[in-house]
Amino acid sequence: MRVLAIGAHPDDLELLCAGTLAKYANQGHQVIMCHACNGNLGHFEIPRNELRDIRRQEAQNAAAVIGAESLTLDIADLDVYVERETKEKMTELIRKTKPDLIIAPSPDDYMPDHTLISRIAFDASFMATLPQLATETECHHLITPFYYMDTLAGVNFQPEVYVDITEVIEIKKRMLACHKSQTQWLKHHDKIDIIEFMITVARFRGLQCGVQYAEGFKPCRVWGRNTTKRWLP
Ligand SMILES: [Zn+2]
């Protein structure tokens, strides 16, 4: 199976669904991790272009931990608009990667890059199937099953499906720790220790479903996406 996980920023997937991605990878599935935005505003003093390159490398390092492919749409932070050009970029990503399953940000998350990328990924996953809508790669033959990952700190998100990530929690920590540029920044700007933040949510989601550590998801339930199969590991 091919799993395409789309995050808004370079560290979002590591924070919100990397345990599940690590399990997929362990089971021999192909995992593609895409950060739509390049993360160029995520620091006090590192200049934008330099930060963009640093964060690209950090995302690649994190993906390498589980042997996943790392891609980006290279959109500047807070430069996300629900417009044709961006949807076509996302459409091309989906056509190129040919996923059997897409994991995307929650439409109710805390900041615009997350909520808008959620919408754009959903729209593009339908657009990707339309033969007359031309992009570089030929159309994808599947209206892809689509899951929303948790929100930051789990606020405003009630999971419908849980994945037990107890066996891969150390891998998830290692992936998140690859985002070295964010550790100090998030301590000062957001008043959080990023690793502790992730563990707290994983423990809380675990408590909700009777395991030590878990990740929560919500399937996108619209016509054409519903299925009888459990897709998550
Ligand atoms: Zn983010």
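Provided above is the structure to which this section pertains.
In this convention, every chain numbers its residues from 1, walking through the sequence in written order. Reporting in this predicted model follows two pLDDT cut-offs: at least 70 for local features of residues, and 80 or more for side-chain atom pairs to be given and counted; totals over whole chains, interfaces and linings ignore these cut-offs and use all residues.

Undergrad: Tell me about the overall build of the chain, and name the residues and values.
TA: Summing up its helical and strand segments, the chain has eight helices and seven strands in all. Radius of gyration here is computed from C-alpha atoms only, and the compact-globule reference equals 2.2 Å multiplied by the residue count raised to the power 0.38. Here the C-alpha atoms of the chain give a radius of gyration of 17 Å, agreeing with the 17 Å that 2.2 N^0.38 yields for 233 residues. Principal-axis analysis of the C-alpha atoms gives the chain an extent of 50 × 45 × 30 Å. Residues with at least 20 neighbouring C-beta atoms inside 10 Å of their own are called buried, those with 12 or fewer are called exposed, and the rest are partly exposed, where every C-beta is derived from the backbone. Relative to its 233 residues, the chain shows a buried fraction of 48%. C-beta atoms are first placed from the backbone for all residues, and any pair lying within 7 Å is then listed as a contact. For the chain, restricting intrachain contacts to residue pairs at least 6 apart in sequence, the fraction spanning at least 24 positions comes to 75%. To qualify as a helix, a DSSP run of H or I must reach at least 4 residues; to qualify as a strand, a run of E must reach at least 2; elements of each kind are numbered from the N terminus.

Undergrad: An account of unusual backbone geometry is requested, with residue identities and associated values reported.
TA: Even without being a glycine, Asp 74 presents a positive backbone phi close to 55°. Secondary-structure assignment places Asp 74 in strand 3 (residues 69-75). In this model, Lys 98 sits at a positive phi of 45°, which is unusual for a non-glycine residue. Here Lys 98 shows up in the loop between helix 4 (84-97) and strand 4 (101-104). On the neighbour-count criterion, Lys 98 (17 C-beta atoms within 10 Å) is partly exposed.

Undergrad: Hey, could you go over the packing of helix 4 against helix 5 (residues 112-127) for me, with residue numbers and the actual values?
TA: Their axes nearest at 8 Å, the elements helix 4 and helix 5 cross at an angle of 60°. One element, helix 4, and the other, helix 5, form an angle in the oblique class. Classified by chirality, the crossing of helix 5 by helix 4 is right-handed. Residues Thr 86, Lys 87, Met 90, Thr 91 and Ile 94 of helix 4 lie in contact with helix 5, whose contacting residues are Ile 120, Ala 121, Asp 123, Ala 124, Ser 125 and Met 127. Note on residue categories: nonpolar means Ala, Val, Leu, Ile, Met, Phe, Trp, Tyr, Cys or Pro, charged means Asp, Glu, Lys or Arg, and polar means any other residue, Gly included. Grouping the amino acids of the contact of helix 4 with helix 5 by side-chain chemistry returns six nonpolar, three polar and two charged. Axes here mean lines fitted to C-alpha atoms, for a helix over just the part in contact, with angles spanning 0 to 180 degrees between N-to-C directions. If an angle is under 35 degrees, it is roughly parallel; if it is over 145, roughly antiparallel; if it lies from 65 to 115, roughly perpendicular; otherwise it is oblique. It is the rotation of the near helix from the far one that decides the hand of a crossing: anticlockwise by less than a right angle makes it left-handed, clockwise makes it right-handed.

Undergrad: Could you give an account of helix 5, naming the residues involved and the relevant values?
TA: Expected span, for any helix, means 1.5 Å times one less than how many residues it has. Look at helix 5: 22 Å from first C-alpha to last across 16 residues, which is about the 22 Å you get at 1.5 Å a residue. Listed as buried for helix 5 are Asp 113, His 114, Leu 116, Ile 117, Ser 118, Ile 120, Ala 121, Phe 122, Ala 124, Ser 125 and Met 127. Packing partners of the buried residues in helix 5 comprise strand 1 (2-7), strand 2 (30-37), helix 4, strand 4 and strand 5 (146-149).

Undergrad: Could you give me a rundown of the nonpolar core, with the residues and numbers involved?
TA: Within soluble globular proteins, side chains that are nonpolar tend to cluster in buried spots. Each nonpolar core reported here comprises buried Ala, Val, Leu, Ile, Met, Phe, Trp, Tyr and Cys residues connected via C-beta atoms within 7 Å. Ala 5, Leu 21 and Val 31 are the most contacted members of the largest nonpolar core, which has 62 residues in total. No other element matches helix 5, which puts seven residues into this core. Not counting the four nearest positions on each side in its chain, Ala 5 is found in contact with Leu 13, Cys 17, Leu 21, Val 31, Met 33 and Ile 103.

Undergrad: Outline the sheet that holds strand 5, supporting the account with residue identities and numerical values.
TA: Pairing between two strands is assigned when DSSP locates at least 2 bridges connecting them. One open sheet holds the seven strands; their spatial order is 3-2-1-4-5-7-6, and the pairing between them is mixed. Only two strands of the sheet have a single partner each, and these edge strands are strand 3 and strand 6 (161-164). Direction aside, neighbouring strands of the sheet carry axes that sit 25° apart on average. Looking at chain direction, strand 1 and strand 4 are connected through three bridges and run parallel. Counted as the bridge partner of Leu 4 is Ile 102 from strand 4. With respect to the sheet, helix 2 (residues 18-26) is in contact with strand 1, strand 2, strand 6 and strand 7 (214-219), its orientation differing from that of strand 2 by roughly 150°. Packing of helix 4 onto the sheet brings it into contact with strand 1, strand 2 and strand 3, and relative to strand 3 it is tilted by some 165°.

Undergrad: Tell me about the environment of Leu 101, residues and numbers included.
TA: Within the fold, Leu 101 resides in strand 4. C-alpha separation for the pair Leu 101 and His 35, spaced 66 residues apart in sequence, amounts to 16 Å. Residues contacting Leu 101, with those up to four places away along its chain left out, are Met 1, Val 3, Thr 144, Pro 145 and Trp 231.

Undergrad: If you had to explain the environment of Met 127 to someone new, which residues and values would you point to?
TA: Relative to the helices and strands, Met 127 is located in helix 5. Separated by 13 residues in the primary sequence, Met 127 and His 140 have C-alpha atoms spaced 9.0 Å apart. Those residues in contact with Met 127, other than ones at most four positions away along the chain, are Lys 87, Thr 91 and Leu 133.

Worth remembering: the numbers are spatial, not functional.
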